[in-house]
Amino acid sequence: MNATMRRVVIGTAAVSMALSMAACGKAGSAGGDGDNKTIGLLLPENKTTRYETFDRPLIKAKIKSLCKDCDVAYNNANQDTETQKKQFDALITKGVKVIILDPVDATATRSWVDAAARKGVKVVAYDRLAEGDISAYVSYDNEKIGQLQGEGVLNALGDDAEDSRVVMINGSPTDPNAALFKAGAHKVLDGKVKKVVYEQDIPDWSPDEANRKMAAAITSLGKDGFDAVYSANDGMAGGITTALKSSGIKDVPVGGQDSELAGLQRILGGSQTFTIYKGIKPEAETTAEIAVKLLKGEKIDSVAPETAASKSKKGIPTKLYDATIVTKDNIKDTILKDEVYTADQICTADFAKACKAAGIK
């Protein structure tokens, strides 16, 4: 073989190899997932017990049931925005094509999410609507939840509502849901109670800070200066009820949200009046289903039939769920019926008598 023919043969082989590699690459990217079968899961904090107890395991289990060879790369930001950004960036560097994001600070995510979208990464906003080019959003009608919280306060006050003074301990100012809860609660309470006499937003949803603010409210208003307390979630309600107890204050209605185990026990014990039950399982499993569909390049219309708008994007495919007020009278028909907790988990020795009185055990 002369030199010219050798060059032709080598050139032809090189072209054939390049075409073959290109074809393999194209086949590997079918469905939009490339060779990457990992879905990122970023949750914001662990002070609220639901994230590690329910959200994380439910999402992971549903993803694995829908995609046997998929992996879940999980991280919790421990309420630190910079930590979450590093976790997000690490997933992008790893080549993850779908990320489920529950943001610490929903407004801080815009540049990250937009940069990810430009690289073809799909981001599903979970529970809180992150800013940026989000591909889907799953949560609850959060203003409606605030309205339920307001209704819970009014129900607890009964006929005395119009003459009552209310303390409001709201959620984190960096969580867009907290603003919606507050707006919904005000929509119900304003004009129906005498006055909101003290109101504070609590950074990071901190129970310790809620405790301090409640103590400050008691000092400012006096032990008889308020008639009910709105708490944006159960974790903070724990701090609030501790402050009330320390001051010797009894029989003041306190509301919450999330149906945490400790909150349910306080309801049975009488130091908390109600909570809001949000079905975490359908929210978590719908999010997992959307993430898998996006990974496979499938349409999500059937699981995200609504739309939502953030400050940075309109028409985001969305699914919103409803919620329920839970008192000691319907724990059995809600929490126990849906197997969120068992009677044995709720009715420990300290609450056995209260459970029996509520018909739970």
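Refer to the structure presented above.
Colleague: Which residues make up the pairing of strand S11 (residues 316–321), and what values do they have?
Modeller: Examined bridge by bridge, strand S5 (residues 136–140) and S11 share four bridges and lie parallel to one another. Its bridge partner being in S11, tyrosine 137 is matched across the sheet by threonine 318.

Colleague: An account of the state of the cysteines is needed here, citing residue identities and associated values.
Modeller: Evaluated as defined, the whole model comprises two disulfides. Residue pairing for cysteine 347: its cysteine sulfur links by disulfide to cysteine 355, the two sulfurs lying 2.1 Å apart. Between cysteine 347 and cysteine 355, the S-S dihedral sits near -100°, and the bridge is therefore left-handed. A residue is classified by how much of its surface remains accessible, and cysteine 347, at 7% relative accessible area, is buried. Counting only the cysteines that take part in disulfides, in the order they occur along the chain, gives the pairing 1-2, 3-4.

Colleague: Go over the environment of aspartate 69, please, and point to the residues and values.
Modeller: Note on placement: aspartate 69 falls in the loop between helix H2 (50–66) and strand S2 (71–76). Along the sequence, aspartate 69 and lysine 37 sit 32 residues apart, while their C-alpha atoms lie 6.9 Å from each other.

Colleague: So what's going on with the pattern of salt bridges? Which residues, and what values?
Modeller: By the definition in use, this model includes 17 salt bridges. For arginine 128, the salt bridge identified is with aspartate 102, shortest N-O distance 3.6 Å. Separated by 26 residues along the polypeptide, arginine 128 in the loop between strand S4 (122–126) and S5 and aspartate 102 in the loop between strand S3 (98–101) and helix H4 (110–118) bring together distant segments of the chain. For the pair shown, arginine 128 and aspartate 102 are each scored as buried. In this structure, aspartate 175 and arginine 128 form a salt bridge, with 2.8 Å as the shortest nitrogen-oxygen distance. Of this pair, aspartate 175 sits in the loop between strand S6 (165–170) and helix H6 (176–189) while arginine 128 sits in the loop between S4 and S5, and the two are 47 residues apart along the sequence. Considered together, aspartate 175 and arginine 128 belong to a single accessibility category, that of buried residues.

Colleague: So what's going on with the nonpolar core? Which residues, and what values?
Modeller: Core analysis: the largest hydrophobic core is formed by 84 residues, its most contacted members being Met214 and Ile346. The element contributing the most residues to this core is helix H10 (residues 280–296), with eight residues. Residues in contact with methionine 214, not counting those within four places in the same chain, are Val167, Phe226, Val229, Ile240, Ala243 and Leu244. Of all hydrophobic cores here, the second largest spans 20 residues; its members include Ala73, Phe88, Ala125 and Ala130.

Colleague: Outline the packing of helix H3 (residues 81–94) against H4, listing residues and values.
Modeller: A packed helix pair is summarised by two numbers, namely the angle formed by the two axes and the spacing between the axes. Orientation of H3 relative to H4, taken along the N-to-C sense of each, is 5°, at an axis distance of 11 Å. Classified by the angle between their axes, H3 and H4 sit roughly parallel to one another. Contacts between H3 and H4 pair Thr81, Gln84, Lys85, Phe88 and Ile92 from the former with Trp112, Val113 and Ala116 from the latter.

Colleague: Could you give an account of the environment of asparagine 36, naming the residues involved and the relevant values?
Modeller: Inspection of the secondary structure puts asparagine 36 in the loop between helix H1 (3–28) and strand S1 (38–43). On the accessibility criterion, asparagine 36 (14% relative accessible area) is buried. Between the alpha carbons of asparagine 36 and valine 98 there is a distance of 9.6 Å; along the sequence they are 62 residues apart. Not counting the four nearest positions on each side in its chain, asparagine 36 is found in contact with Lys94, Gly95, Val96 and Leu295.

Colleague: Lay out helix H5 (residues 142–157) with the relevant residues and their values.
Modeller: Compared with an ideal rise of 1.5 Å per residue, which puts 16 residues at 22 Å, H5 spans 23 Å between its outermost C-alpha atoms and is within 8% of the ideal. Along H5, the residues that are buried comprise Asn142, Ile145, Gly146, Leu148, Gln149, Gly150, Gly152, Val153, Leu154 and Leu157. Among the structural elements, S5, S6, H6, strand S8 (228–231), strand S9 (275–278) and strand S12 (323–326) are those in contact with the buried residues of H5. Directly beyond the C-terminal end of H5, a positive phi value near 60° is found at glycine 158.

Rules and cut-offs
- Residues numbered from 1 in each chain as written.
- Predicted model: local features only at pLDDT ≥ 70, side-chain atom pairs only at ≥ 80, totals over all residues.
- Heavy atoms only, no water.
- Pairing = 2+ DSSP bridges.
- Helix = DSSP H or I, 4+ residues; strand = E, 2+ residues; numbered from the N terminus.
- Disulfide = S-S within 2.5 Å.
- Buried < 20%, exposed > 50% of the residue type's maximum accessible area, 1.4 Å probe, protein only.
- Salt bridge = Lys/Arg side-chain N within 4 Å of Asp/Glu carboxyl O.
- Core = buried A, V, L, I, M, F, W, Y, C linked by side-chain atoms within 4.5 Å.
- Contact = heavy atoms within 4.5 Å.
- Axes fitted to C-alpha atoms, helices over the stretch in contact; angles between N-to-C directions.
- Parallel < 35°, antiparallel > 145°, perpendicular 65-115°, else oblique.
- Expected span 1.5 Å × (residues − 1).

Function-wise, these values are silent; they only describe arrangement.
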